[in-house]
Amino acid sequence: METWRIVRHMTFTTHHALVNNVDIAYWHERSEGAHKVLVCVHGWPESKRIFSRVVEPLRDAGFDVVVPDLRGFGESGLAADGFYDVVSHARDIESLVFDHLGYDAVVLVGGDLGGPVIQELALRNPHRVERMVLFNSPLPMDKERMAGMRTRPPVEVMDYFIRQGTDAAALAAELDTEEKRAEYIGAFYSTRLWAHPGAFNPDDIAWHVEPFCDAQKLRASFANYESAFDATKRVEKPLYGRNTITPTLILFGTSDHVIYPDFDLMAATVFDIHDGPIRIENCGHFVPWEAVEEFIFRTVEFCREN
């Protein structure tokens, strides 16, 4: 396995594009003679910063790398239409990479909320999404194919999901100072045990939390959870379901206490053509931050396959 240089808190030039009437911020690192384009989609409570440690090595390995902030996250703007559901996010990425940047085909990378977004994109664009790299992400349920698997995380870690999905306005009102918002988001990188213990030091946490200190951005970030409970919060029903044609690399950070205990086995039933699942020990929810070398090695090798 090659050794990759890990740089903490690296940032890149931020570009902006008006996409679907939303200001979408993104990094775009080009590799001379690139043979594939990697589009890396973050989850919650994240921004494009979660990929900051892998962008340069992926570019240097011969890939163009596009890393957007989803609408309402990071440096991107709020949505004029008020929608922050999976389909709206997928449409934004679709317009950014195919229309604005002009790529014909891409490889999609995502975890957490980014996972459903790239799954939706692949189903919407089956001939333009060449491959996917998926880690620690929600999955469509299939009771028959997933029979006997552990398909629910512990109930005690689901309180945030229910509160953000059903009582978002009141929660946002409680978090009425930057300090309270920072403390709330910071827990997901530390005491809530999403990450492997020690994966984020206090400076790391503060950097990832910073975009959520904005009250409007934090409130917007809850809206996708609301869309899981309320159909009126969705611009349309997602295609979200089994994928029979897109080759998918499945990675699983096993220290994650918020995702399904059998995520790896479940994902293997969702994607008919898959590499792995590959279990990554001593790594939790935030795979491209916590397991940089493993993530890069697996992604590069997978994308170089015929």
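Residues numbered from 1 in each chain as written. Predicted model: local features only at pLDDT ≥ 70, side-chain atom pairs only at ≥ 80, totals over all residues. Heavy atoms only, no water.

Colleague: Where do I start with the side chain of Asn136 in this structure?
Modeller: Along the chain, Asn136 falls in the loop between strand E6 (129-135) and helix H4 (159-166). Polar side-chain contacts of Asn136 include one of 2.9 Å to the side chain of Asp256. A polar atom in the side chain of Asn136 sits 3.5 Å from the backbone oxygen of Gly284. Not counting chain neighbours up to four residues away, the residues in contact with Asn136 comprise Gly111, Asp112, Leu251, Phe252, Gly253, Asp256, Ile259, Phe263, Gly284, His285 and Val287. (Helix = DSSP H or I, 4+ residues; strand = E, 2+ residues; numbered from the N terminus. Polar contact = N/O pair within 3.5 Å; in protein donor to acceptor, adjacent residues only side chain to side chain. Contact = heavy atoms within 4.5 Å.)

Colleague: Before we go on, may I ask you to explain the packing of aromatic side chains in this structure?
Modeller: Two measures describe an aromatic ring pair: the distance that separates the ring centres and the angle between the ring planes. One pass over the structure, following the stated rule, counts 24 aromatic pairs. Seen from their ring centres, Trp44 and Phe188 are 4.9 Å apart, and the 80° between their planes marks the pair as edge-to-face. With Trp44 in the loop between strand E3 (36-41) and helix H1 (55-60) and Phe188 in the loop between helix H6 (178-186) and helix H7 (202-209), this pair connects stretches of sequence that are 144 residues apart. Given a relative accessible area of 0%, Phe188 falls into the buried group. Between Tyr184 and Phe222 the ring centres are 6.3 Å apart and the planes differ by 80°, which places this aromatic pair in the edge-to-face class. Residue Tyr184 is located in helix H6, and its partner Phe222 is located in helix H8 (residues 215-229); the two are separated by 38 residues in the primary sequence. When its relative accessible area of 17% is taken as the criterion, Tyr184 is described as buried. A relative accessible area of 0% means that Phe222 is categorised as buried. (Phe/Tyr/Trp six-rings, centres within 6.5 Å; stacked < 30°, edge-to-face > 60°. Buried < 20%, exposed > 50% of the residue type's maximum accessible area, 1.4 Å probe, protein only.)

Colleague: What's the story with the confidence of the model for the protein in this structure? I'm lost.
Modeller: Parts of the prediction with low pLDDT should not have their coordinates interpreted in detail. Here the protein shows a mean pLDDT of 95. Residues at 70 or above account for 97%. For the stretch residues 1-5, pLDDT sits under 50, and the model shows 12 contacts to residues farther than four places along the chain or on other chains. (pLDDT = per-residue confidence, 0-100.)

Colleague: Help me understand the nonpolar core, please; the structure alone is not making it clear to me.
Modeller: One recurring pattern in soluble globular proteins is that nonpolar side chains are buried together. The biggest cluster of nonpolar side chains holds 101 residues, and the ones touching the most others in it are Trp44, Phe51 and Phe295. Beyond its immediate sequence surroundings of up to four residues, Phe295 is in contact with Phe51, Val54, Leu58, Val109, Val133, Phe135, Leu251, Val287 and Pro288. (Core = buried A, V, L, I, M, F, W, Y, C linked by side-chain atoms within 4.5 Å.)

Colleague: Looking at this model, I keep getting lost on the sheet that holds strand E8 (residues 274-280). Mind explaining?
Modeller: In a beta sheet, neighbouring strands are held together by backbone hydrogen bonds and run either parallel or antiparallel to one another. Judged by pairing direction, the sheet is mixed, and its eight strands sit side by side in the order E1-E2-E4-E3-E5-E6-E7-E8 without closing on themselves. The open sheet terminates on both sides in strands that have one partner only, identified here as strand E1 (14-19) and E8. On average, each strand axis in the sheet is tilted by 20° relative to the strand beside it, whichever way the strands run. Bridge count between E3 and strand E5 (residues 106-111): four bridges; the pairing is parallel. When the bridges of E5 are listed, Leu38 appears paired with Val107. In the packing of helix H9 (residues 263-270) onto the sheet, contacts are made with E6, strand E7 (248-253) and E8, and the angle to E7 comes to roughly 165°. (Pairing = 2+ DSSP bridges. Axes fitted to C-alpha atoms, helices over the stretch in contact; angles between N-to-C directions.)

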